[in-house]
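Here is what each chain is made of, one letter per residue.
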Amino acid sequence: MSHERSTKPAGVLRIASAAAPSEVARVEVLAEGPEGLRARTDWVVVEEPLEIRAGGPGQKPESVAVTMRTPGHDFELAVGFLRTEGLIGVGDEVVAPADRESRTDLLGDRACNIVHVVLSRPFDGSALKRNFFATSSCGLCGKAALDQVAVRCEAVAPGPVIGRSILIGLPESLRGAQKAFDRTGGLHAAGLFDAEGRLIAVREDVGRHNAVDKLVGRAFLDGELPLSGRILLVSGRTSFEILQKAAVAGVPIVAAVSAPSSLAVSVADRLGITLIGFLRGPSFNVYTHPERIDPLV
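Caption draft 1: Region of the structure containing the overall build of the protein. Each helix and strand in the protein was counted, giving 9 helices and 14 strands. Scored against the burial criterion, the 297 residues of the protein give a buried share of 46%.

Caption draft 2: Structural view of the pairing of strand β12 (residues 274-280). Burial analysis of β12 places 5 of its 7 residues in the buried class, which makes it a mostly covered element. Two strands pair when backbone bridges link them, and strand β11 (residues 253-256) and β12 are joined in this way by 3 bridges, in the parallel orientation. Opposite Ile253, over in β12, you have Thr274 as the bridge partner. Both β12 and strand β13 (residues 283-288) contribute to a ladder of 4 bridges, which runs antiparallel. The residue of β13 that forms the bridge with Gly277 is Asn285. From the end of β12 to the start of β13, which pair antiparallel, there are 2 residues, and Gly281 there has a positive phi angle of about 60 degrees.

Caption draft 3: Representation of the pattern of salt bridges. Throughout the structure, instances matching the rule amount to 12 salt bridges. Two residues, Asp92 and Arg121, come together in a salt bridge whose shortest N-O distance is 2.8 Å. Placement of the pair is Asp92 in the loop between α1 (74-84) and α2 (100-106) and Arg121 in the loop between β6 (114-118) and α3 (125-136), with a sequence separation of 29 residues. We classify Asp92 as buried; its relative accessible area is 18%. Of the residues examined, Arg121 reaches a relative accessible area of 24% and is grouped as partly exposed. When salt bridges that share partners are traced, they join Glu76, Arg203, Arg218 and Asp222 into one network.

Caption draft 4: Main features of empty space enclosed by the protein. Enumeration over the complete set of coordinates arrives at 2 cavities of 30 Å³ or more. Taken together, Leu192, Val212, Leu215, Val216, Leu227, Leu232, Lys245, Ala246, Ala249 and Val251 make up the full set of residues lining the largest cavity. For the lining of the largest cavity, the elements supplying multiple residues, two or more each, are α7 (208-221) and α8 (240-249). Along the lines of polarity and charge, the residues of the lining of the largest cavity split into 9 nonpolar, no polar and 1 charged.

Caption draft 5: Looking closely at the environment of Gly197. Along the chain, Gly197 falls in the loop between β8 (188-193) and β9 (199-205). Look at Gly197 and you get buried, because its relative accessible area is 18%. For the pair formed by Gly197 and Ser165, sequence separation is 32 residues and the distance between their alpha carbons is 9.3 Å. Setting aside its immediate chain neighbours within four residues, Gly197 contacts Ile166 and Leu170.

Caption draft 6: Molecular detail of helix α5 (residues 164-176). Of all the bends in α5, the greatest, near 30 degrees, is centred on Leu170, and the proline Pro171 appears no more than four residues after it. The complete set of buried residues in α5 reads Leu167, Leu170, Pro171 and Leu174.

Caption draft 7: Local environment of the environment of Gln59. Residue placement: Gln59 occurs in the loop between β4 (48-55) and β5 (62-69). By relative accessible area, Gln59 is classed as partly exposed at 30%. Taking the C-alpha atoms as reference points, Gln59 and Arg121, 62 residues apart in sequence, are found 9.7 Å from one another. Contact partners of Gln59, with chain neighbours within four places excluded, come to Pro122 and Phe123. Side-chain polar atoms of Gln59 contact the backbone nitrogen of Phe123, separated by 2.8 Å.

Caption draft 8: Just the side chain of Lys214, in detail. Locating Lys214 in the fold gives a position in helix α7. Classification of Lys214 by relative accessible area gives buried; the value is 1%. Side-chain polar atoms of Lys214 contact the side chain of Asp205, separated by 2.7 Å. In this view, Lys214 contacts Thr70, Gly72, His73, Glu76, Leu77, Arg203, Glu204 and Asp205; residues no more than four positions away in its chain are not counted.

Thresholds, definitions, all that
- Residues numbered from 1 in each chain as written.
- Predicted model: local features only at pLDDT ≥ 70, side-chain atom pairs only at ≥ 80, totals over all residues.
- Heavy atoms only, no water.
- Helix = DSSP H or I, 4+ residues; strand = E, 2+ residues; numbered from the N terminus.
- Buried < 20%, exposed > 50% of the residue type's maximum accessible area, 1.4 Å probe, protein only.
- Pairing = 2+ DSSP bridges.
- Salt bridge = Lys/Arg side-chain N within 4 Å of Asp/Glu carboxyl O.
- 1 Å grid on protein atoms, 1.4 Å probe; cavity = no way out; pocket = protein on both sides within 12 Å on 5 of 7 lines; lining within 4 Å.
- Points joined across faces, edges and corners; volume = space filled by probe spheres on them.
- Nonpolar A, V, L, I, M, F, W, Y, C, P; charged D, E, K, R; others polar.
- Contact = heavy atoms within 4.5 Å.
- Bend = angle between axes of the 7 residues up to and from the residue.
- Polar contact = N/O pair within 3.5 Å; in protein donor to acceptor, adjacent residues only side chain to side chain.

Below, the structure is given as structure tokens:
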């Protein structure tokens, strides 16, 4: 193969497949290495916008938010977002259309870029404006953000006590279930575990908060909220948004392979969540509520 320089600079990507949206896409790339410049194919994570709409009986669907996400489990993402942002309650009923084709779209078997969540009661759009005003305050005033979380949810239930040996085994289980990450190296993951360390569900997404919303949405649709007996593990750092979503879902233990933010620690402390960071190999840090970790087991 000739190593003559191409007029297309290294690093320029071209989507090689026009197939229906999926988690990953094949691209063509010019790779520079010991053998010189060569063309090869690679896989990258797909990132596309998703518009979330909500409405009740006889209501025109109202646009709630547009989020950048990795296609797949879109309906779970939409429902989880509405729940963790306090726009729907645990007792609300989500009505799926009777039409099979529409139902397939909404349940995420075929990715789409608009999801309409149909509720059995009227949807109050004014609550949306209050929520996002409060969310915008996070960058301005940590106290305002914490006060808003306290309004949305109560402290989590006591939950289980888990052994150190169970805790340190969670990252390997999560990593082993990250199929899209294996191909792209570019996806965050969130995993839900039981108190014995068994992996219940895993979701991947370009946004770590989206991965959590997908898990929460699945649990909402299955009638499993609050998640008072579960452990949430995220593949990156823990931010205010991750802890807020975990608190609304009732998760008592949140762990991450990286660091928490100051507001994440504050939320966990206030709402009774055990927050663990830098969970790598045999070591980890416990930032709040260590009573749920048994170091002798």
